[in-house]
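Architecture and fold: a report
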Amino acid sequence: MASHGARGRSGGRPTLEEVAARAGVGRGTVSRVINGSPRVSDATRAAVEAAVAELGYVPNTAARALAANRTDAIALVVPEPEARFFAEPYFSDMLRGVGAELADSEMQLLLTFAGNARGRQRLAQYLAAHRVDGVLLVSVHADDPLPDLLAQLEIPAVISGPRSAAEALTSVDSDNYGGARSAVEHLLARGRTEIAHITGRLDVYGAQRRVDGYRDALRDAGHETDELLVEPGDFTEEGGRRAMSALLERRPGLDAVFAGSDVTAAGARQVLREAGRRIPDDVALIGYDDSAIARHMDPPLTSVRQPIEEMGRAMIDLLLAEIADRRPAASRGLERRHAVLATELVVRASS
């Protein structure tokens, strides 16, 4: 009687040799079946799979990865302080999408922060040792050296939001330009005439594209762009408060605000209320991201939804494809892929 098929003859974990003996084939044939090689007959594959099931054999994935010069690990790199990562819904939604797409693979996900010079140096040393098969880069600024380091090390990488229109890495982004246009066009349709914009960090290409969409929507509607209605922000709540205070001081008659994020809109809302401005009666307010913050704000916030979880999933799909073809991009003769996902304006009571 078999002892539940969970132990080999030695009483320990079943070995590759024991599977081969049970199936009546060589060790190399078993290895080819386990690794999915097509160079095995259907009858032999069935015999090996039956032996694996009977013995309860579990492949040593670490040894397989070593033999293939792989680590079976992916790094999610956030070049931001940890405090920002845990404060902003964008990052948790991105992580949720990445994790969901990886759930059915054997890849491990490593989360690492590189928000200062020391963190970047430590990460560079880690990557140079090729301890991961690929890298996901989230929230990258224009002057960040990490993307160029990855290209130099020939580590497969996908970036969330290109650094510029000439991005060299494979990237996934949402339609920042179109999202901004839809917000401003909605405000114009509601009869608003002095529409302010609190930007995101302008060293982020996505924030630049939102400014472009804001300006073009006004221009196409026959409105002159008033630069005194544009105030730099940084995607944070405190940045929203500072920017809103500056805008009210310069343009007290403004009747609408398009904020670079829902978190920024929350800061702007606080300042507007302190100034006695009613939302939306006196000032309409729109955010960006369509996070839980937007749904729970009072009044509920109109926001541009970018499909952040879907972006995370798309990043994993593209990265796994790059890992599967480890040849340098130049030898592949392929252009880097740049996926842009559609945005949607979700209208609520604030506008």
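One structure accompanies this document, and this report is about it.

Parameters at a glance
- Residues numbered from 1 in each chain as written.
- Predicted model: local features only at pLDDT ≥ 70, side-chain atom pairs only at ≥ 80, totals over all residues.
- Heavy atoms only, no water.
- Helix = DSSP H or I, 4+ residues; strand = E, 2+ residues; numbered from the N terminus.
- Contact = heavy atoms within 4.5 Å.
- Areas by Shrake-Rupley, 256 points an atom, 1.4 Å probe, with all protein chains shown as cover.
- Pairing = 2+ DSSP bridges.
- Axes fitted to C-alpha atoms, helices over the stretch in contact; angles between N-to-C directions.
- Parallel < 35°, antiparallel > 145°, perpendicular 65-115°, else oblique.
- Left-handed = near helix turned anticlockwise from the far one by under 90°.
- Nonpolar A, V, L, I, M, F, W, Y, C, P; charged D, E, K, R; others polar.

What follows is about the overall build of the protein. Across its full length, the protein holds 15 helices and 12 strands. Considering only contacts within the protein whose residues lie at least 6 apart along the sequence, 71% involve residues at least 24 apart. Taken as a whole, the protein presents about 16800 Å² of accessible surface, with 49% of it coming from carbon and sulfur.

For the rest of this paragraph, the subject is the sheet that holds strand β6 (residues 195-198). In space, the six strands of this open sheet follow the order β7-β6-β8-β9-β10-β12, with mixed pairing throughout. Of all the strands in the sheet, the pair left with one neighbour each is β7 (230-231) and β12 (344-346). Judged from the two bridges that link them, β6 and β7 form a sheet pairing that is parallel. Looking at the pairing, isoleucine 198 lines up with glutamate 231 of β7. Seen against the sheet, helix α10 (residues 205-220) touches β6, β7 and β9 (284-289) and runs at an angle of roughly 170° to β6.

Moving on: the sheet that holds strand β4 (residues 157-160). Taking strand neighbours across the sheet as the criterion, the six strands line up as β2-β1-β3-β4-β5-β11 in an open arrangement whose pairing is parallel. The sheet is open, and its two borders are formed by β2 (108-113) and β11 (338-341), each paired with just one other strand. This sheet shows a mean twist of 20° between the axes of neighbouring strands, independent of strand direction. Across four bridges, strand β5 (residues 170-174) lies against β11 in parallel orientation. Paired with aspartate 173 across the strands is valine 340, a residue of β11. Contacting β1 (73-78), β2, β3 (134-138) and β4, helix α6 (residues 89-102) crosses the sheet at an angle of about 155° to β3. Along the sheet, helix α8 (residues 146-153) makes contact with β1, β3 and β4, crossing β3 at roughly 165°.

Before going further, it helps to spend a moment on the packing of helix α7 (residues 117-128) against α8. It is at 11 Å that the axes of α7 and α8 come closest, and there the two elements cross at 15°. Relative to α8, the element α7 lies roughly parallel. Here α7 and α8 pass one another in a crossing that is right-handed. Where α7 abuts α8, its residues Leu123, Ala124, Leu127 and Ala128 lie against Leu146, Leu149, Leu150 and Leu153. Residues that form the contact of α7 with α8 fall into these classes: eight nonpolar, no polar and no charged.

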